[in-house]
Every structure is written in C-alpha cells, then in structure tokens.
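Structural characterization, general
Below, each chain spelled out in residue letters.
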Amino acid sequence: MKNTGRSFNSVMAVELSAGSPGNPTVNAGAMETTALVPGDTPDAQWEFIRAGLSR
C-alpha cells in the first residue's frame, strides 16, 4: 500500500480511504517498532507478535 503522507493517527487518511484504514506497517514508527521485536528469524519474530496478540 502507498503511504498517505499524513500522520499515523490521521482521521483524514481514514476518511479519504472510504473508512478502510491502510496498511499500518507503511508507517515508519510501525516499521521501527517491529524491527525491535526479539527473534533470530522473521518466523520467530512473527511468532512473538502472534503469541502476544493471542494473549
């Protein structure tokens, strides 16, 4: 998805996308946060995220 060029919490970005929010990982803050997830492989990192969300 394309970056909207708006701040990550922009209401206008949601309104312009017909109420369907875009991909949150486009946001630089989201990318930085996920870069800090522990794990030696992408699969291990995803499992950490999945397990946390499942709790």
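Residues numbered from 1 in each chain as written. Predicted model: local features only at pLDDT ≥ 70, side-chain atom pairs only at ≥ 80, totals over all residues. Heavy atoms only, no water.

The subject of this paragraph is the overall build of the protein chain. In terms of helices and strands, the protein chain carries three helices and zero strands. Helices and strands appear in the protein chain in the N-to-C order α-α-α. Relative to its full complement of 55 residues, the protein chain shows a buried share of 7%. (Helix = DSSP H or I, 4+ residues; strand = E, 2+ residues; numbered from the N terminus. Buried < 20%, exposed > 50% of the residue type's maximum accessible area, 1.4 Å probe, protein only.)

Evaluation of the coordinates by the stated rule reveals one salt bridge. Taking the shortest distance from any N to any O, the salt bridge between E47 and R50 comes out at 2.6 Å. One end of the pair, E47, and the other, R50, are both in helix α3 (residues 42-54), three residues apart, so they sit about a helical turn from each other. Classification of R50 as partly exposed rests on a relative accessible area of 37%. (Salt bridge = Lys/Arg side-chain N within 4 Å of Asp/Glu carboxyl O.)

Glancing now at the confidence of the model for the protein chain. Per-residue pLDDT for the protein chain has a mean of 79; in total, 75% of the residues score no lower than 70. Here helix α1 (residues 11-16) is the element of the protein chain with the lowest mean pLDDT, 74, and α3 is the one with the highest, 94. (pLDDT = per-residue confidence, 0-100.)

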